[in-house]
Amino acid sequence: MFPRVILKGTMFKKSQQKKRTSPCNYKERFFVLDTQDLRYSERRPGKKPMLKGCIQLSRIKCVELVCSDVPIPCSYKYPFQVFHDNHYLYIFAPDNDCRQRWVKALKEATKRLLPEIPDSERGLYSTGQMMVIALQDYTPLGEDDLPLQKNQEYIVINRSHADWWTIQDDTGRTGFVPSTYVAEKSGNNFQRFEWYNKNITRGQAEDLLMREGKEGAFMVRDSSQAGVYTVSVFTKAPGSNGEKNPRVKHYQIRQRDTEESSYYLAEKYLFNTIPELIHYHQHNAAGLITRLRHPVPKDRGCTQEINDLSKDQWEVEPEELSLGQELGSGQFGVVVEGRWRERKVAVKMIREEGMSDEEFKEEARIMMRLSHSKLVQLYGLCTNRSPMCLVFEFMENGCLSDYLRTRRGHLSREMMLGMCLDVSEGMAYLESSNFIHRDLAARNCLVSKNHEVKVSDFGMTRFVLDDQYTSSHGSKFPVKWSAPEVIKYSKFSSKSDVWSFGLLMWEVYNEGRLPYENRSNAEVVETLNAGLRLLKPRFGSRGHLCAHGVVREGETRR
């Protein structure tokens, strides 16, 4: 029987063999999905298309959307990934509808290969069936999928396929979910997770993690004590002498003698299952020396692929850089005036405890690929000195918040509008590059000699160690500038940047006053949850409004 074509169309494919940032890494291919394979070919004018790849559907383990902050150099900006045979195939669709159509078709095509679920197994819960807890939310992309709500319990109906399980919710609905999105309530069945290495000694774990060499590289392994598990994690955090000290720390997963919420690494943070515990500490250090960033499976070997940026054209040699007076300090370190190649520059000295070397270099790579007249331009970075630093164009009039305050009462509405337009142009470019700022505010915009406003500090919020950025739940983000979905779910998007842009406009039209000026972070959260919003600026003789007033959403000031 010949395979039936399900979907076909032109998209871009990213090569795994070439330099990640090169535009030639992205090739236009013609994709065909049928009931047996996913194939892609190179179209050649006047010639027969050349087959470039073919993946059997039975080898596909997972298909997921990709949300990326990294600019995409090809014209198709909507990526998704196909995981097969321990490899990722990255595909870029022309629009979101096309992407959703392909992801849904691939999911349904691969799930057709799963064993049929007998009707007898679709019944309600009975003694002996496995209960699982959702580690995170899951939004269905196909009709056969079941939505997941984080921390809710579900019944496993069928788990014969390693990557897609059939589960049932408390209303009796059944459907497919990714198996790694749920954890058995028993807490000890987690062999399918890539961070678990069953038969590995302490010494072997240390060798693997030291070779990996990434801050936060980790694994979970069996302890010498039967039935006990240990988390081993690599860190370069400074030792007692203040110098960097690459080493592996070992944390035993402990368990209280209670029925629920008994697993912990830091006693304050308790979880029902070990996968829940690991999932939490992948996003929060919470008592550990570092966040669990990079799972290291035993059979992967050393996969250290960190590019040596000192060999890159963007590396600034220390002897070329002269430092002058301090211009200010911020969440990421001290900023000083400097000179580089006969050019006045601003040098941002990164606090060593603020982020790891790998995080610093990763952020620098991203920022160097962004270039727009309304973004503060990064000229280069200096990694051959301590602390490492970023070299930016010099902005004579400093940060926008200070600029507004020093000129309070002397700014026309036209000048304020021009400032907002400058920022909106820079943010529109970031959004077109699939980049989320996360920390847009007047303090993170700078003003040039010509009074032009440019956006700065994009994408670095998650490394901040400042109380201003800590919510009442311990998450790190600028609370007073954050959208409700960021505060509630730490969900960042271009939409949350738009919310922050609204706060920035409020700052501009109130001439540098702080939003919610006399309220704590906790009070701001309570205010937003109650439906209250900041007052619109009211222009009087000096063109500004009381900064701490709020009204209910939809109301206006009389």
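Keep in mind it's a predicted model, so treat the numbers as computed, not measured.

Caption draft 1: The arrangement of the overall build of the protein chain in detail. Summing up its helical and strand segments, the protein chain has nine helices and 27 strands in all. By the burial criterion, 50% of the 558 residues in the protein chain qualify as buried. Counting only contacts in the protein chain whose residues sit at least 6 apart along the sequence, the fraction spanning at least 24 positions is 54%. Total accessible area computed for the protein chain in this model is approximately 28,200 Å², and 46% of it derives from carbon and sulfur atoms.

Caption draft 2: Focus on the side chain of Thr235. Looking at the secondary structure, you find Thr235 in strand β15 (residues 229-235). In this structure Thr235 comes out as buried when scored by relative accessible area, which is 0%. Side-chain polar atoms of Thr235 contact the side chain of Glu215, separated by 2.9 Å.

Caption draft 3: Region of the structure containing the sheet that holds strand β7 (residues 87-93). Taken in spatial order, the seven strands make up an open sheet running β4-β3-β2-β1-β7-β6-β5, and their pairing is antiparallel. Where the open sheet ends on each side, the last strands, each with one partner, are β4 (50-56) and β5 (60-65). With strand direction ignored, the average angle separating the axes of adjacent strands in the sheet is 30°. Of the strand pairs in this sheet, strand β6 (residues 78-84) and β7 are connected by seven bridges, and their pairing is antiparallel. Its bridge partner lying in β7, Pro79 is registered against Phe92.

Caption draft 4: Structural detail: the confidence of the model for the protein chain. Taken over all residues, the pLDDT of the protein chain has a mean of 78, while the share at 70 or more is 77%. Contacts of residues 116-128 to residues separated by more than four positions or lying in other chains number 17 contacts, the stretch itself having pLDDT below 50.

Caption draft 5: Just the nonpolar core, in detail. Counting residues in each nonpolar core, the largest one holds 35 residues, and the members touching the most others are Leu400, Val423 and Val508. Considering every element that reaches this core, the biggest residue donor is helix α6 (residues 413-432), with seven residues. With sequence-adjacent residues up to four places away left out, Leu400 is seen in contact with Met419, Ala442, Cys445, Leu446, Val447, Val453 and Val508.

Caption draft 6: Representation of the state of the cysteines in the model. Counted according to the given criterion, the structure contains zero disulfides. The closest cysteine sulfur to the non-disulfide-bonded Cys389 is located on Cys382, 4.5 Å from its own sulfur. Not engaged in a disulfide, the cysteine Cys399 finds its nearest cysteine sulfur in Cys445; these two sulfurs lie 9.3 Å apart. Here Cys399 falls in the buried class, since its relative accessible area comes to 17%.

Caption draft 7: Local environment of the packing of aromatic side chains. Evaluation of the coordinates by the stated rule reveals eight aromatic pairs. Arranged with centres 5.0 Å apart and planes meeting at 75°, the rings of Phe12 and Tyr76 form a pair that is edge-to-face. In this pair, Phe12 is assigned in strand β1 (residues 5-14) and Tyr76 in the loop between β5 and β6, connecting sequence segments 64 residues apart. Above the face of the Phe30 ring, Arg43 is positioned so that its terminal group lies 3.9 Å from the ring centre. Of note, Arg343 hangs over the ring of Tyr379, and the distance from its end group to the ring centre comes to 4.4 Å.

Caption draft 8: Representation of the pairing of strand β22 (residues 378-382). The buried count for β22 comes to four of five residues, which makes it a mostly enclosed element. What sits between β22 and strand β23 (residues 389-393) in their antiparallel hairpin is a turn of six residues.

Caption draft 9: Up close: the pattern of salt bridges. Applying the stated rule across the entire model yields 13 salt bridges. Two residues, Lys198 and Asp222, come together in a salt bridge whose shortest N-O distance is 4.0 Å. Remark: Asp222 occurs in strand β14 (residues 217-222) and Lys198 occurs in the loop between β13 (196-197) and α2 (202-212); sequence separation between them is 24 residues. Between Glu393 and Lys454 there is a salt bridge, with the nearest N and O atoms lying 3.2 Å from each other. A residue pair is termed long-range when its members are at least 10 positions apart, and Glu393 in strand β23 and Lys454 in strand β25 (residues 453-455) qualify at 61 residues. When its relative accessible area of 10% is taken as the criterion, Lys454 is described as buried. Each of Lys374, Asp422, Glu425 and Glu452 takes part in one network of salt bridges that share partners.

Caption draft 10: Molecular detail of the sheet that holds strand β12 (residues 182-184). In space, the five strands of this open sheet follow the order β11-β10-β9-β8-β12, with antiparallel pairing throughout. Where the open sheet ends on each side, the last strands, each with one partner, are β11 (174-178) and β12. Mean inter-strand twist for the sheet, computed between neighbouring axes without regard to direction, equals 50°.

Caption draft 11: How the structure looks around helix α3 (residues 274-281). Of all eight residues that make up α3, seven are buried, and the element is covered over most of its length. Among the residues making up α3, those that are buried are Ile274, Pro275, Glu276, Leu277, Ile278, His279 and His281. Summarising the contacts, the buried residues of α3 are in contact with β8 (131-134), β12, β14, β15, β16 (247-255) and β17 (263-264).

Cut-offs applied
Every chain begins its residue count from 1, and numbering advances along the sequence as written. Two thresholds apply to this predicted model, a pLDDT of at least 70 for residue-level local features and 80 or more for giving and counting side-chain atom pairs, whereas whole-chain, interface and lining totals are computed over all residues. Excluding hydrogens and water, the side-chain figures rest on all heavy atoms present in the structure. Going along the chain from the N terminus, every DSSP run of H or I of four or more residues is numbered as a helix, and every run of E of two or more is numbered as a strand. Using a 1.4 Å probe on the protein chains alone, a residue whose accessible area is under 20% of its type maximum counts as buried, one over 50% counts as exposed, and one in between counts as partly exposed. Note on definitions: a residue-residue contact is assigned when non-hydrogen atoms from the two residues lie within 4.5 Å. Only the protein chains shown count as covering a residue, and every accessible area follows the Shrake-Rupley method with a 1.4 Å probe. For this analysis, a polar contact is any N or O atom pair within 3.5 Å, provided that within protein one partner can donate a hydrogen and the other can accept it, and provided that sequence-adjacent residues contribute only side-chain to side-chain pairs. The pairing criterion is simple: DSSP has to find at least two bridges between the two strands. A fitted line through C-alpha atoms represents every axis, and for helices the fit uses only the stretch in contact; the resulting angles, taken between N-to-C directions, go from 0 to 180 degrees. Per-residue confidence from the predictor is reported as pLDDT, which spans 0 to 100. Residues grouped as a nonpolar core are buried Ala, Val, Leu, Ile, Met, Phe, Trp, Tyr and Cys residues, joined through side-chain atoms within 4.5 Å. In this description, a disulfide is simply a cysteine sulfur pair whose atoms lie within 2.5 Å. By convention, a stacked pair of Phe, Tyr or Trp rings (six-membered ring in the case of Trp) has centres within 6.5 Å and planes under 30 degrees apart, an edge-to-face pair has planes over 60 apart, and any other such pair is tilted. In this analysis the charged atom, NZ for Lys or CZ for Arg, is taken to sit over a ring once it is within 6 Å of the ring centre and within 35 degrees of the ring normal. A side-chain nitrogen of Lys or Arg and a carboxyl oxygen of Asp or Glu constitute a salt bridge if their distance falls within 4 Å.

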